[in-house]
Amino acid sequence: MDAASAPGRDFAAFQARADDVVRHHPVVVANPYTTWFAKGEATRDDVRHLTVQFSVFSHLFIEAQLRKVINAPDLDTYRAGKEILLNELGVVFRPLHAEAAKPLEPGTDPEIVGAEGTVDGGTFRFGAAHFEWLLKFAEPLGLRFEDLGTRRHATSSTDFFCDELLRLYGSADASTGEGASFAVEHWAAAGFWKELIQGLRAFKERECPDLPLGFWTFHDQLEDQHAAHTEEELREVYDTPGFDEERFLRGATQMLDGVYAFWRGLDEDRQTGRVS
Ligand SMILES: [Fe+2]
């Protein structure tokens, strides 16, 4: 008897529990910071503070993604993790469909490079690293490389979020790691990129016309595609030998708690006037 048909296993019931966790967590239904940010009232100091904290998370995410690759339970998961890792680091996706494969020597602008395809056979460009896009975004805000991206710039809530990413998303326990990935994907697809972009467009128009938004719009496009495949992925995870529902659900919940701590920290900072 294979694991999927073992007594007491019910994929539909598990899927309902997993969906419940990611659909009803407060960071998904009521993120106080991004809801406020979308109104477009953020000051230059607010945008700078968001940029610094987001840069720490984005950079530390690469470390968590590398751990996820190292701890991958099988070759497919290992390769799927490398697609994300290497694209983060600057390998431009090569379109899978020949008709879409136009430039042999791709540019690095996030508004031009594709958010779909594979890093296999793709070209590495320093300027295509997501972190370098964020550096470009930060420049007109008066923030330089040394102001961004490391733990020493983190508030305690950002620090906590990064610790949880490494512990859960990068976990050596496959069920925990898959739960955390499921949570991160759902959070990312639930609309926070769009809320930030809305607020940033208002800020750009009002006082910072040279602000390049490619870092944000690229990620929004990426997430729009990711959301499509999750049910199939969940089924695969569920059928993996040794899969543990409880550890998956705990990993998902604790990961969202970490994400929520990050945004709540930013929300408190804006209300108390803490700036970077
Ligand atoms: Fe990224």
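To be clear, the structure that these remarks concern was listed above.
Residues numbered from 1 in each chain as written. Predicted model: local features only at pLDDT ≥ 70, side-chain atom pairs only at ≥ 80, totals over all residues. Heavy atoms only, no water.

*Asks:* Just checking my understanding: could you explain the overall build of the protein for this structure?
*Replies:* Summing up its helical and strand segments, the protein has twelve helices and zero strands in all. Overall, the protein shows an N-to-C arrangement of helices and strands of α-α-α-α-α-α-α-α-α-α-α-α. Computed over its C-alpha atoms, the radius of gyration of the protein comes to 19 Å, within 12% of the 19 Å expected for a compact globule of 276 residues. For the protein, the proportion of contacts with a sequence separation of at least 24, taken over those separated by at least 6, is 77%. Looking at the protein as shown, the accessible area adds up to about 13500 Å², and 52% of this sits on carbon and sulfur atoms. The averaged location of the 47 negative side-chain charges in the protein is 4 Å from the averaged location of its 28 positive side-chain charges. (Helix = DSSP H or I, 4+ residues; strand = E, 2+ residues; numbered from the N terminus. Rg over C-alpha atoms; globule rule 2.2 N^0.38 Å. Contact = heavy atoms within 4.5 Å. Areas by Shrake-Rupley, 256 points an atom, 1.4 Å probe, with all protein chains shown as cover. Lys, Arg positive; Asp, Glu negative; His and termini not counted. Charge placed at Lys NZ, Arg CZ, Asp CG, Glu CD.)

*Asks:* Please clarify how the coordination of the iron ion should be interpreted in this entry.
*Replies:* Note on metal sites: the ideal angle is 109.5 degrees for four tetrahedral donors, and 90 or 180 degrees for six octahedral donors. Donor atoms from the polypeptide that bind the iron ion are Glu88 (OE), His130 (ND1) and His219 (NE2), placed at 2.0 to 2.2 Å. Here the donor residues for the iron ion map to a single chain with the spacing E-x41-H-x88-H. Within this pair, whereas Glu88 is found in helix 5 (residues 75-89), its partner His130 is found in helix 6 (residues 130-138), the two being separated by 42 residues in sequence. His130 shares its class with Glu88; the two are buried. (Donors = N, O, S within 2.8 Å, 3.2 Å for Na, K, Ca; no water. Buried < 20%, exposed > 50% of the residue type's maximum accessible area, 1.4 Å probe, protein only.)

*Asks:* Just checking my understanding: could you explain the packing of aromatic side chains for this structure?
*Replies:* Two numbers describe a pair of aromatic rings. These are the distance of the centres and the angle of the planes. Under the criterion given, the structure shown has 37 aromatic pairs. Ring centres 5.2 Å apart and planes at 20 degrees place the aromatic pair Phe14 and Tyr238 in the stacked group. Of this pair, Phe14 sits in helix 1 (residues 11-24) while Tyr238 sits in helix 11 (residues 230-238), placing them 224 residues apart in sequence. Looking at Phe14, the relative accessible area reads 0%, which means it is buried. Classification of Tyr238 as buried rests on a relative accessible area of 1%. Judged by centre distance (6.2 Å) and plane angle (50 degrees), the ring pair of Phe54 and Trp263 falls under tilted. Here the residue Phe54 occupies a position in helix 4 (residues 44-70), and Trp263 occupies one in helix 12 (residues 245-272), the gap between them amounting to 209 residues. Side by side, Phe54 and Trp263 carry an identical accessibility label, which is buried. Directly above the aromatic system of Tyr169 lies the positively charged group of Lys68, at a separation of 5.2 Å from the ring centroid. Seen from the ring of Trp36, Arg270 lies directly overhead, with NZ or CZ sitting 4.1 Å from the centre. (Phe/Tyr/Trp six-rings, centres within 6.5 Å; stacked < 30°, edge-to-face > 60°. Lys NZ or Arg CZ within 6 Å of the ring centre and 35° of its normal.)

*Asks:* Is there a simple way to think about the packing of helix 1 against helix 12 in this case?
*Replies:* Packed helix pairs are characterised by how far apart their axes lie and by the angle those axes make with each other. Orientation of helix 1 relative to helix 12, taken along the N-to-C sense of each, is 10 degrees, at an axis distance of 10 Å. The orientation of helix 1 relative to helix 12 falls into the category roughly parallel. Taken together, the residues of helix 12 that come into contact with helix 1 (itself represented by Phe14, Arg17, Ala18, Val21 and Val22) are Glu245, Glu246, Phe248, Leu249, Ala252, Thr253 and Leu256. Among the residues making up the contact of helix 1 with helix 12, the classes are represented as eight nonpolar, one polar and three charged. (Axes fitted to C-alpha atoms, helices over the stretch in contact; angles between N-to-C directions. Parallel < 35°, antiparallel > 145°, perpendicular 65-115°, else oblique. Nonpolar A, V, L, I, M, F, W, Y, C, P; charged D, E, K, R; others polar.)

*Asks:* Is there a simple way to explain helix 12 in this structure?
*Replies:* In an α-helix, one full turn covers 3.6 residues, which means residues spaced three or four apart are oriented alike. Here helix 12 is 28 residues long and its end C-alpha atoms lie 40 Å apart, about the 40 Å a rise of 1.5 Å per residue gives. For helix 12, the N-terminal capping position is held by Asp244, with its side-chain oxygen 3.1 Å away from the main-chain nitrogen of Glu246. The first or second residue beyond helix 12 is Gly273, which carries a positive phi of 80 degrees. (Expected span 1.5 Å × (residues − 1). Polar contact = N/O pair within 3.5 Å; in protein donor to acceptor, adjacent residues only side chain to side chain.)

*Asks:* Explain the environment of Arg167 here, please?
*Replies:* With respect to the secondary-structure elements, Arg167 resides in helix 7 (residues 156-169). The class for Arg167 is partly exposed, based on a relative accessible area of 43%. For the pair Arg167 and Pro140, spaced 27 residues apart in the sequence, the C-alpha separation amounts to 34 Å. Within the structure, Arg167 has its side chain in polar contact with the side chain of Glu164 (distance 2.9 Å). Within the local environment of Arg167, its side chain forms a polar contact with the side chain of Gln254, the two groups lying 3.1 Å apart.

*Asks:* What am I meant to see in a negative patch on the surface here?
*Replies:* A grouping of Asp74, Asp76, Glu231, Glu232, Glu233 and Glu236 is seen on the molecular surface, where their side chains present a negatively charged patch. In terms of residue count, the dominant contributor to the negative patch is helix 11 (four residues). For Glu232, a relative accessible area of 55% puts it in the exposed group. (Patch = residues over 30% accessible without salt bridge, like charges linked within 9 Å, V, L, I, M, F, W, Y side chains within 5 Å. Salt bridge = Lys/Arg side-chain N within 4 Å of Asp/Glu carboxyl O.)

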